Structure formats: C-alpha cells, structure tokens
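What the coordinates show
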Amino acid sequence: MPEPKLSTEAVERALAELNHNRGAAAPWEIAAGKLHKTFVFANFIDAFAFMTAAALSAEKMNHHPEWRNVYKTVSVDLTTHESGGITQLDFDLAAAMDALAR
C-alpha cells in the first residue's frame with residue numbers, strides 16, 4: 001500500500017520543521033511539486049561520497065531520489081510517484097540526506 005500523499009498544509013508544516021535547524025545550509029523547497037534541494041560540496045569526491053552514502057540510506061528505505069550530479073553539486077528532487085505527490089517518506093529521506101551532508 002502506498003504512503004499517503006500529504007496535504008498542502010502538512011507539506012508546509014513538515015517543510016518548516018525540516019528547514020528549522022539547517023544553519024547556513026541551503027533550505028529544502030517545493031519546486032515543480034517535488035521536495036527539492038541543491039547540495040554544494042567542496043569537490044567532486046565529497047559530492048560523490050554523499051551520493052554513495054545517500055544511496056545506501058535510500059535503498060534501506062526503499063525510496064529512491066531523482067538526482068543529478070555536476071562536479072561538486074548534487075541536485076535532489078523527492079516525490080513518492082506511487083502516491084502522486086509528497087509523502088512523509090520524502091521528508092524522512094530529506095532529513096537523512098541533510099544528516100549525511102553535514
């Protein structure tokens with residue numbers, strides 16, 4: 001059974017909570033109906049190490065990101081396709097990615 005899609009209000013609350021303690025890091029935002037963030041690292045090796053660690057977390061959650069890497073930048077979009085929008089699973093993976101990027 002797919003995760004339930006969050007209401008607009010629930011997405012706004014979860015987004016505020018996710019971004020609350022981000023410090024100087026870029027915030028997550030909603031873009032094109034997906035949870036989006038761009039991570040910038042010191043170099044390609046750090047970006048790739050982040051993607052490797054994030055891939056392992058995503059696999060454990062059985063929830064996989066849409067992402068793109070160019071040199072030291074990793075752009076991430078999260079949505080739950082089978083639910084037709086953003087779910088709590090997307091926010092859980094976003095929080096895990098934030099923890100890995102620190």
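Being a predicted model, the structure only gives us computed values, none of them experimental. (Residues numbered from 1 in each chain as written. Predicted model: local features only at pLDDT ≥ 70, side-chain atom pairs only at ≥ 80, totals over all residues. Heavy atoms only, no water.)

1. Thoughts on the overall build of the chain
When helices and strands are tallied, the chain shows three helices and four strands. At 13 Å, the chain has a C-alpha radius of gyration in line with the 13 Å of a compact globule built from 102 residues. Overall, the chain is about 35 × 30 × 20 Å in size when its C-alpha atoms are taken along their principal axes. Looking at the chain as a whole, 34% of its 102 residues are labelled buried. Intrachain contacts of the chain at a sequence separation of at least 6 include 63% that bridge at least 24 residues. For the chain, the accessible surface area stands at approximately 6,100 Å², while carbon and sulfur atoms represent 55% of it. (Helix = DSSP H or I, 4+ residues; strand = E, 2+ residues; numbered from the N terminus. Rg over C-alpha atoms; globule rule 2.2 N^0.38 Å. Buried < 20%, exposed > 50% of the residue type's maximum accessible area, 1.4 Å probe, protein only. Contact = heavy atoms within 4.5 Å. Areas by Shrake-Rupley, 256 points an atom, 1.4 Å probe, with all protein chains shown as cover.)

2. Some words on the packing of aromatic side chains
For the structure shown, the criterion picks out five aromatic pairs. Pairing Phe41 with Phe50 gives two aromatic rings, centres 5.0 Å apart and planes at 35°, and the pair type is tilted. Phe50 carries the same exposure label as Phe41, and that label is buried. Members of the aromatic cluster, joined through ring pairs, are Trp28, Phe39, Phe41 and Phe50. (Phe/Tyr/Trp six-rings, centres within 6.5 Å; stacked < 30°, edge-to-face > 60°.)

3. Brief notes about the nonpolar core
Counting residues in hydrophobic clusters, the biggest one holds 21 residues, and the most contacted among them are Trp28, Leu35, Phe39, Phe50, Val74, Phe91 and Met97. Top element by residues in this core is helix α2 (residues 44-61). It accounts for five residues. Apart from the residues within four sequence positions on either side, Val74 is in contact with Lys37, Thr38, Phe39, Phe41, Ala47, Phe50, Met51, Trp67, Arg68 and Asn69. (Core = buried A, V, L, I, M, F, W, Y, C linked by side-chain atoms within 4.5 Å.)

4. Focus on unusual backbone geometry
Backbone geometry at Asn62 places phi at a positive 55°, although glycine is not the residue there. The exposure class of Asn62 is exposed, given its relative accessible area of 58%. One non-glycine residue, Tyr71, lies in positive phi territory at about 50°. In this fold, Tyr71 is placed in the loop between β3 (66-70) and β4 (73-78).

5. A few points about the layout of surface pockets
Unoccupied space between atoms shows up once a probe the size of one water molecule is rolled over them. Size it by volume and the largest pocket reaches roughly 240 Å³. Contributions of two or more residues to the lining of the largest pocket are made by β2 (34-40) and α3 (88-101). Looking at the lining of the largest pocket, the element that brings in the most residues is β2, giving four residues. Split into classes, the residues belonging to the lining of the largest pocket amount to eight nonpolar, two polar and four charged. (1 Å grid on protein atoms, 1.4 Å probe; cavity = no way out; pocket = protein on both sides within 12 Å on 5 of 7 lines; lining within 4 Å. Points joined across faces, edges and corners; volume = space filled by probe spheres on them. Nonpolar A, V, L, I, M, F, W, Y, C, P; charged D, E, K, R; others polar.)

Such coordinate-based values are descriptive only and should not be taken to indicate function.
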